[in-house]
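One letter stands for each residue in the lines below.
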Amino acid sequence: MSSPTPPSPPAARFRSTVPRGITTRRASSLMVPFLPGAEPGVDPRRASAHNHYAHIAQPCVVDLVDYSATRASFRRLTNRELVGLLQDPRPREPWTRVRWINVAGVSWDVVSALALRYDIHPLAVEDILHQHGTVRSKADYYPSHLFLRVLCHKLSSEHDALDALSAADELLPPLDSIGPIEEEASEHEDQTDGRQTALGTAAVQAERKKKNAQERLLVHELKKKDRVNVRVQPMCIMLFRDGTVISISQDSNVDFLEPIAERLRLPDTGLRQTADPSLLVQSLLDLIVDQALEIADEYQGRLFEIEHTVLIRPSMKTVRSLHVLQGDLIGLHRTLEPVKTMVYGLRVYDADRAAAAAPATPLGYMSRQAKIYLAEVHDHMEHTLMSLDMFSEVSENLINYTFNMVSYQMNDAMRKLTLITIIVLPLTFLSGYFGMNFQGMWTTHDPTVSDFLYWEIALPVLAFVVPLFVMPDLRRMVHQIRKGLALRRMQKGLLRR
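Residues numbered from 1 in each chain as written. Predicted model: local features only at pLDDT ≥ 70, side-chain atom pairs only at ≥ 80, totals over all residues. Heavy atoms only, no water.

Q: What is the right way to look at the overall build of the protein in this model?
A: Helix and strand counts for the protein come out as 17 helices and seven strands. Burial status across the protein gives 39% buried among its 497 residues. Counted over contacts in the protein with a minimum sequence separation of 6, partners at least 24 positions apart contribute 73%. Accessible surface, the protein as shown: approximately 28900 Å² in total, 58% of it carbon and sulfur. (Helix = DSSP H or I, 4+ residues; strand = E, 2+ residues; numbered from the N terminus. Buried < 20%, exposed > 50% of the residue type's maximum accessible area, 1.4 Å probe, protein only. Contact = heavy atoms within 4.5 Å. Areas by Shrake-Rupley, 256 points an atom, 1.4 Å probe, with all protein chains shown as cover.)

Q: How do you make sense of the nonpolar core when you look at a structure like this?
A: A general trend in soluble globular proteins is that nonpolar side chains are found buried together. In this structure, Trp 100, Leu 146, Leu 148, Leu 280, Leu 285, Tyr 299 and Leu 346 are the most contacted members of the largest nonpolar core, which totals 58 residues. Element by element, the count of residues in this core is highest for helix α12 (residues 277-312), at 15 residues. Listed in part, the 33 residues of the second largest apolar core include Val 83, Val 106, Leu 114 and Tyr 118. (Core = buried A, V, L, I, M, F, W, Y, C linked by side-chain atoms within 4.5 Å.)

Q: Got a minute to help me understand the packing of aromatic side chains in this structure?
A: How two aromatic rings sit relative to each other is set out by the distance from centre to centre and by the angle between their planes. A full pass over the atoms with the stated rule returns four aromatic pairs. Their ring planes at 45° and their centres at 6.0 Å tell us that Tyr 141 and Tyr 365 sit as a pair that is tilted. Of the two residues, Tyr 141 is situated in strand β4 (residues 138-141) and Tyr 365 in the loop between α14 (350-357) and α15 (368-434); the sequence distance between them amounts to 224 residues. Across this residue pair, the class does not change: Tyr 141 and Tyr 365 are buried. Measuring from centroid to centroid gives 6.2 Å for Tyr 344 and Tyr 349, while their planes differ by 75°, and the two rings are edge-to-face. When its relative accessible area of 37% is taken as the criterion, Tyr 344 is described as partly exposed. (Phe/Tyr/Trp six-rings, centres within 6.5 Å; stacked < 30°, edge-to-face > 60°.)

The following block contains the structure:
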């Protein structure tokens, strides 16, 4: 029999308890923003913010562009280089009128450094870190800057579309970090019930999000043959009073904004000549709207293909394609409508909202020239939304047309079967009558009567019954023949003239 384990000394128990207590405390802080009633905003100056968002780390592609009407410089930085540059207290070059920092990727070290250097509002930092494809495009005015969150829509391959489905889950804490912490918390009697409840609620929420992600992947797999692959990702744009523009997107591919960089390299473009930071923001919005126009054109081409198939041979397979297409059009309209509202607000209410956010500086963020170009962006967005509405209505009409044609084809088949029955029914009746074997029936016992008697009775009956039921079709056929002859005479008359 083994001897009982001697009790450990108090110092050893303390050393073994403290790490687990610290781990449990970190776990509870990780779950705070996902619970109702959590404090809004993310302040990088707080230690709890670092504990919660330190897991968001990835190598970002940072493009730093300084330009004026006469000069321009382009640099590509890493995360560490950008953080070091932001921590440098020296001001930028005197000739620089606009500084554009484009960050491709979301990482806590980069976001926190930008927030500390440019005094980004905690609510804006929270919007940057909690980006997912279901958010709304919006414009928020803060005392030190303008914050825009815009959903970017662009055509993508099937692989990119699958990556976009899981983009919302990439910024969440990993699921495997919840189980062990919860087990360790349950081993200690000094843990409060509230903390255990928070951990349990976080685990349930994480499991529910995992299940929803699996369902989305399954639905995407079922629809992938009938849909247009569109990747939707938010982009955050911040405009500061000192001429700094910061754009942050999840996608590490910087090719999306390459047209803007090409315009900045040319000295004779409007962006370079004016050196207006608000015009740079307008150019970014215009690029996003132009991508939406390309998506609308792609949907139009897909709709033309389906319409061609419906007009030639309608089937239930085309109804499936139209159903998927119509659902995507409705979802696309829902995500693009706030962009139009946001652009309209920048044009009309910019000065009022800026004055409300910072009464000491009543001027708005958008210049007069930027508002002029924003009018064109608004028109393009309105044209895109009207096109999507039209495509949705056309797809609904094609679905109704397909159902009507399928019903007509079935009715026509039943009509043909009815016609055959009408023709055969008198013959069946007569054959059954002459086939009776009653005694004294002269048609069967008289040797002088042959089978011609059957046809002598059947043919006159058919001559009376068939025209009676086929008369509407005969009239319709005669009418079509007359119309065809009249059309030919008209065409010959036009050729003679």
